[in-house]
Amino acid sequence: MESRINLIARKAKKRAAAFFACAFFIAASNSPICAHDENPFKGEEIDKALQRELVIVHPMANMNLDPHTSAYVSEAQVLNSVYEGLFSYNAATLEPDSALAKDFRISRDKLRWTFTIRENAKTSSGQEINAQSVKESWLDLIANKSAYYSSLLDVIKGAREYRLGQGKREDVAIYASALKLSVELIKPTSHFNKILCHHAFAVVPQDSSASGAYCIESATPFKIVLKKNENYWNAEQTNIPSISINFTDDADAQSHAFNIGAADWIDGSGEIKKILDKKSLQLTAEFGTEYLFFKNDSPVWNRADFRNAVLTAIPWKQLRDGNMFPAETLVCPIAGYTSPEGLNYTDAEEAKMMLDAAKQKAGISDKTVALTFAIPDTEYLSNRAELLRGSLEEIGVELKTVKIPLQLYLSSIATTKADLFLYTWVGDFADPLAFLELFRGNSSMNDSHWSNDEFDALLDQASFTNDSKEHNSLLAKAEDILLSSGEVIPISHPVTCNIIDVNLVGGWFSNAMDIHPFKALYFKKGERKLKNIARK
């Protein structure tokens, strides 16, 4: 979907300060047949002579360029351009645009989706992309034990069983015939096409060629170069011939490159104070939440009574101090969704009584119980851990910290023996489900190992209904169960910062997911007003 852990996260982002409202509206088409205009620049005059290499500067990142196992937003910017599926994100609205799917139809009972693949779809190596190409890519994703998003296809009959090793590949209800692809769902899923915008569900050719608008020409830890895929079905409307993504953690160097015109876009905060053209700062509230979660692998911290004792001891105001958008719930506020009561109550004396009662019920006579908190090795998070340590000592919880290098933190969560972890999640589609799916039992995205049958049932019921009010009401009940279990500790909703002159680069739009499809970008006529500057 580096952070959003304030520089770490399940998707790669950055931290800044600004005031924006985080609001979305979910709209599902009532029409059974849907298609979008293939030309996103309709009505615009684009000067081909102005098009040149786009230079992006980005903080250092361990880039995973496997679309099936990738999970960071920084990777998504590249992968959405190199690999394409049935739908892609609209650059301005993030709603699904038709990509490899020329059109699609939903059956009257909402349980069968049928897609028509474009006749001119080819890979960068010239191979035809057809319905079978999509089917095999999806089945390979489901079979991949390291695929983070594979469980989102559990709505397809037989997919969950195949993913868990309890079913056969041929029993997954995905059917391909020439340019027609049809899938049978176990329940109506109005947001299915929103899910399919994600790069995990793109066509991944067996020969490692590209199915999207760009190919990877070269890739090193310090630079990735993309070039236009001339075989792309919409190559005529892909305007930027090549893209260079340069990685450095030298914020001063990033800002200097932008100021002198050597970089067109800083995908990260840079040294904001040194940016000469302040109008190029693009600050946006993000559809995400930074939070702590318990891993339910210990006989103590897999119990709600112990977790809730800890939550009652937390000094919430101090923990959230300094954040532009403090978070009391997991789901980022979204239009039409009424959040359950948030977490904000602190009482050390009550917390101690709750912990003593939990220990007595569990037959634990020890004076203190240990809680291991795995954190990225940064000053900010060390300070937050010390804040928690002092509060928890008062009630009889000994907080131990395990520091992990920032770049390795997320990949280490599965194997690290700890009870508490830090996470920042940004929704991949505009629906509370984008957050709540993280805690569904048997989900490939559930790193917490928490599970609750009532919670899962509410998520299922919410997916069945076509009434948006009922959908959101059911999900609010599910979130309330999650919060009441003490499983998550919400901290903040992040803010993204990009530095780009949108008067010179067209097709770039601020949005709450910080996704900016490269294929939509183009250069406009104009000059950046640069001053004579020297790097200090």
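Before reading on, note that the structure itself is shown above.
Let us look at the structure shown here. Model, not experiment: these values are computed from the prediction.

Strand order in the open sheet formed by seven strands is β9-β10-β11-β2-β12-β19-β13, with mixed pairing between adjacent strands. The sheet terminates laterally at β9 (214-220) and β13 (281-285), the two strands that pair on one side only. Here five bridges tie strand β2 (residues 54-58) to strand β11 (residues 242-247), and the two strands are oriented parallel to one another. Of the residues in β11, the one forming a bridge with L54 is I243. Across the sheet, helix α1 (residues 73-82) touches β2, β9, β10 (223-228), β11 and β12 (265-266), and the angle it forms with β9 is around 140°.

Looking now at the pairing of strand β17 (residues 420-426). Regular strands have side chains that alternate between both faces of the sheet. The element β17 is largely enclosed, with a buried count of seven among its seven residues. Because side chains alternate across β17, one face comprises the buried residues L420, L422, T424 and V426, and the other comprises F421, Y423 and W425, equally buried. Sheet topology places strand β14 (residues 288-294) next to β17; seven bridges connect them, and they run antiparallel. Across the sheet, E290 pairs through a bridge with T424, a residue of β17.

Quick look at empty space enclosed by the protein now. Taken as a whole, the largest cavity encloses approximately 100 Å³ of empty space. Forming the walls of the largest cavity are 14 residues, and the residues nearest its centre are N80, F87, S88, Y89 and C197. Looking at which element gives the most residues to the lining of the largest cavity, the answer is strand β3 (residues 87-89), with three residues. When the residues that make up the lining of the largest cavity are grouped by side-chain class, the tally is seven nonpolar, five polar and two charged. In this model, the second largest cavity occupies a volume close to 70 Å³. In this structure, the second largest cavity is lined by I56, H58, M63, S74, Q77, V78, I245, F247, W265, D267 and F518. Going through the elements one at a time, β2, α1 and β11 are the ones with two or more residues in the lining of the second largest cavity. Sort the elements by how many residues they give to the lining of the second largest cavity and α1 lands first, with three residues.

Contact geometry of helix α12 (residues 453-464) with helix α13 (residues 468-484) gives a least axis separation of 8 Å together with a crossing angle of 165°. It follows from the interaxial angle that α12 and α13 lie roughly antiparallel. As α12 runs across α13, the sense of the crossing is left-handed. From α12, E454, F455, L458, L459, Q461, A462 and S463 reach across to α13, where they touch H471, L474, L475, K477, A478, I481 and L482. For the contact of α12 with α13, a count of residues per class yields nine nonpolar, three polar and two charged.

Bringing the nonpolar core into the picture now. Core analysis: the biggest nonpolar cluster contains 145 residues, and L86, F115, W138, I156, F192 and F201 have the highest contact counts within it. Of all the elements, α13 adds the most residues to this core, at seven residues. Within the second largest apolar cluster, five residues are counted, among which are F258, I275, C497 and I499.

Bringing the pairing of β9 into the picture now. Relative to β10, β9 runs antiparallel, the two being bridged by six bridges. Each residue of the ladder has a partner; that of I216, found in β10, is L226. Hairpin connection from β9 to β10: two residues lie between these consecutive antiparallel strands.

In this section: α13. With 17 residues, α13 extends 24 Å between its outermost C-alpha atoms, agreeing within 8% with the 24 Å of an ideal straight helix rising 1.5 Å per residue. Where α13 is buried, its residues touch α6 (304-313), α11 (433-436), α12 and β18 (488-492). Two or three places before K469, at the opening of α13, D467 has a side-chain oxygen 2.9 Å from that residue's backbone nitrogen. After α13 finishes, the residue G486 shows a positive phi value of roughly 75°.

This part takes up the packing of aromatic side chains. Tallying each qualifying case throughout the model produces 23 aromatic pairs. Summarising the aromatic geometry, the rings of F87 and F104 are spaced 5.2 Å apart at their centres and angled 85° between planes, so their arrangement reads as edge-to-face. Here the residue F87 occupies a position in strand β3, and F104 occupies one in strand β5 (residues 101-106), the gap between them amounting to 17 residues. Between W301 and F306, the ring centres sit 6.0 Å apart and the planes meet at 75°, which makes this aromatic pair edge-to-face. Both residues of the pair, W301 and F306, count as buried.

Further remarks concern unusual backbone geometry. Of note, N442 is a non-glycine position whose phi angle comes to about 70°, a positive value. Structurally, the position occupied by N442 is in the loop between α11 and α12. A positive phi is found at D514, a non-glycine position, where the angle reads about 55°. Mapped onto the secondary structure, D514 falls in the loop between β20 (505-506) and β21 (522-523). Residue classification places D514 among the buried residues on the basis of a relative accessible area of 1%.

Cut-offs applied
Residues numbered from 1 in each chain as written. Predicted model: local features only at pLDDT ≥ 70, side-chain atom pairs only at ≥ 80, totals over all residues. Heavy atoms only, no water. Pairing = 2+ DSSP bridges. Helix = DSSP H or I, 4+ residues; strand = E, 2+ residues; numbered from the N terminus. Contact = heavy atoms within 4.5 Å. Axes fitted to C-alpha atoms, helices over the stretch in contact; angles between N-to-C directions. Buried < 20%, exposed > 50% of the residue type's maximum accessible area, 1.4 Å probe, protein only. 1 Å grid on protein atoms, 1.4 Å probe; cavity = no way out; pocket = protein on both sides within 12 Å on 5 of 7 lines; lining within 4 Å. Points joined across faces, edges and corners; volume = space filled by probe spheres on them. Nonpolar A, V, L, I, M, F, W, Y, C, P; charged D, E, K, R; others polar. Parallel < 35°, antiparallel > 145°, perpendicular 65-115°, else oblique. Left-handed = near helix turned anticlockwise from the far one by under 90°. Core = buried A, V, L, I, M, F, W, Y, C linked by side-chain atoms within 4.5 Å. Expected span 1.5 Å × (residues − 1). Polar contact = N/O pair within 3.5 Å; in protein donor to acceptor, adjacent residues only side chain to side chain. Phe/Tyr/Trp six-rings, centres within 6.5 Å; stacked < 30°, edge-to-face > 60°.

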